[in-house]
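Here is what each chain is made of, one letter per residue.
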Amino acid sequence: MPMSSSPEPVLDANLAVALNALLAEQSVTRAAARLHTSPAAMSRTLARLRRILQDPLLVRAGQTMVPTPRAQALRDEAASVVRSLGALLTPGTGVDPAVLRGTFTLQSADLVGAALAPGLLRLAREEAPGVSLRFRAEEWEAGPALRDGRVDLEVGSIDHVDPETRVEELVTLRMAAAVRPGHPLTEGPLTPDRLAAAEHVVVSRRGRFTGPLDTALAERNLHRRVAVVLPSHLAAMTLAARSDAVCLLPVAPTGAAPSPLTDVATVLGLRLLDIPLPLPPLTIGMAWHPRHAADGGHHWLRDAVRRTLHAPAGSTT
């Protein structure tokens, strides 16, 4: 016959709080006032504690009560337990970034990662030196990386998240044509005809040759020649910097301050030309799983991403 295990005792945190108050005040009346209850209720609690601990705890000595040796031995431990309970059941508060330790994993397209990394690294050095950053490439299809905890934050064009995922829009960008200095398109006005006649490099992780620009050109009975399709913006920008290929890039809206995304094009020496056709804007956002919503460290990370993407191009702050 299998042995029956004894049931686990039912823990009452209120008893620990009452014990701490009684041992600290050494008075039923003062302990009752401290816990905003009646002296009668506190007397019943003391009686219950005496039965559980099999010790009188507090005994009368003239007009006062004094602790027993067992009560004296329990005083510090009771106070520690109550402090731990308070920390456990207190709502999360802001965290000091200086005490953060660990690695945050971000998922983004290469261009977004290249734009974010310098600014995030500066902020981490200044505010959270114990934090490391790891960037992962975008998944081909909607993946469970956020849900599974393999990724802390996704930054980019967010269009394939799980239903519970939190999403925040950050910036809305327009598309521009990036070309090398001295490219023929830099001479004279850029027209739809001239843009269509140029050689193009397309960025597509799925190997697609067409996009919104082709739709806009087709409305004018124009077609462009796509010479090569590459899976990343950085590869396409590098090709554009070394050839006559035209690469489309997301940049800040007309009249707005240049964004960190523009910095990447500047480093490669590319010229940015306004596209003379209406193209849909591109919204860059960030997405995270609700498990991180109230986490202080993750809150710092999200705020750091906001500040980085909204910082003026070339900013060091």
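That block above? That's the structure.
Rules of the game
- Residues numbered from 1 in each chain as written.
- Predicted model: local features only at pLDDT ≥ 70, side-chain atom pairs only at ≥ 80, totals over all residues.
- Heavy atoms only, no water.
- Buried < 20%, exposed > 50% of the residue type's maximum accessible area, 1.4 Å probe, protein only.
- Helix = DSSP H or I, 4+ residues; strand = E, 2+ residues; numbered from the N terminus.
- Arc of directions from axis to C-beta.
- Contact = heavy atoms within 4.5 Å.
- Polar contact = N/O pair within 3.5 Å; in protein donor to acceptor, adjacent residues only side chain to side chain.
- Axes fitted to C-alpha atoms, helices over the stretch in contact; angles between N-to-C directions.
- Parallel < 35°, antiparallel > 145°, perpendicular 65-115°, else oblique.
- Nonpolar A, V, L, I, M, F, W, Y, C, P; charged D, E, K, R; others polar.
- Lys, Arg positive; Asp, Glu negative; His and termini not counted.
- Salt bridge = Lys/Arg side-chain N within 4 Å of Asp/Glu carboxyl O.
- Pairing = 2+ DSSP bridges.
- Expected span 1.5 Å × (residues − 1).
- Bend = angle between axes of the 7 residues up to and from the residue.

J.: Even after reading the chapter, I still don't get helix H9 (residues 233-241), so can you show me in this structure?
T.: Note that an α-helix has 3.6 residues per turn; residues three or four places apart therefore point the same way. Every buried residue of H9 is listed here: His-233, Ala-236, Met-237 and Ala-240. The buried residues of H9 occupy an angular sector of 100° when the element is viewed end-on, so they sit on one face. Tucked into the core, H9 has its buried residues touching helix H5 (110-127), strand E6 (166-179), strand E7 (199-203), strand E8 (225-230), strand E9 (246-251) and helix H10 (260-267). Measuring from the backbone nitrogen of Ala-235 back to the side-chain oxygen at the start of H9 gives 3.2 Å, which picks out Ser-232 as the cap.

J.: Just checking my understanding: could you explain the packing of H5 against H9 for this structure?
T.: To describe two helices that pack against each other, one gives the angle between their axes and the distance between the axes. Contact geometry of H5 with H9 gives a least axis separation of 7 Å together with a crossing angle of 90°. One finds that H5 runs roughly perpendicular with respect to H9. Judged by residue contacts, Asp-110, Leu-111 and Ala-114 of H5 engage His-233, Leu-234, Ala-235 and Met-237 from H9. Class assignment of the residues belonging to the contact of H5 with H9 gives a composition of five nonpolar, one polar and one charged.

J.: Looking at this structure, I do not really get the side chain of Asp-55. What am I missing?
T.: Mapped onto the elements, Asp-55 comes out in the loop between helix H3 (39-53) and strand E1 (58-61). With no salt bridge to any partner, buried Asp-55 finds its closest opposite charge in Arg-70, at an N-O distance of 5.5 Å. For Asp-55, the side chain forms a polar contact with the side chain of Thr-68, separated by 2.7 Å. Residues within four places of Asp-55 in sequence aside, it is in contact with Arg-50, Thr-68 and Arg-70.

J.: Would you mind showing me how to read the pairing of E9 here?
T.: Put simply, side chains in a regular strand alternate between the two faces of the sheet. The buried fraction of E9 amounts to six of the six residues, a majority that puts the element mostly inside the structure. Of the two faces of E9, the one lined by Val-246, Leu-248 and Pro-250 and the one lined by Cys-247, Leu-249 and Val-251 are each fully buried. Across five bridges, the pairing between E6 and E9 is antiparallel. Across the sheet, Arg-174 pairs through a bridge with Val-251, a residue of E9. Bridge count between E7 and E9: two bridges; the pairing is parallel. Bridging from a neighbouring strand, His-200 pairs with Val-246 of E9.

J.: In this structure, what is going on with H5? I would like to understand it.
T.: An ideal rise of 1.5 Å per residue puts 26 Å on 18 residues; H5 measures up with 25 Å between its terminal C-alpha atoms. Ala-117 marks where H5 bends most, by close to 35°; the proline Pro-118 follows one to four residues later. Burial in H5 covers these residues: Leu-111, Val-112, Gly-113, Ala-115, Leu-116, Gly-119, Leu-120, Leu-123 and Ala-124.

J.: Which parts of the structure should I look at to understand the pattern of salt bridges?
T.: If the charged atoms of two oppositely charged side chains come close together, the side chains can form a pair. One pass over the full model with this rule turns up 12 salt bridges. Among the ionic pairs, Glu-168 bridges to Arg-306, the shortest N-O distance being 2.7 Å. Remark: Arg-306 occurs in helix H11 (residues 296-310) and Glu-168 occurs in strand E6; sequence separation between them is 138 residues. Of the residues examined, Glu-168 reaches a relative accessible area of 22% and is grouped as partly exposed. By relative accessible area, which is 23% here, Arg-306 ends up partly exposed. Across the pair Arg-306 and Asp-303 runs a salt bridge whose closest N-O atoms are separated by 3.9 Å. Highlighted residues: Arg-306 and Asp-303, both in helix H11, separated by three residues, approximately one helical turn. Its relative accessible area of 27% is what places Asp-303 among the partly exposed residues. Taken together, the salt bridges that share partners define one network made up of Glu-127, Glu-168, Asp-303, Arg-306 and Arg-307.

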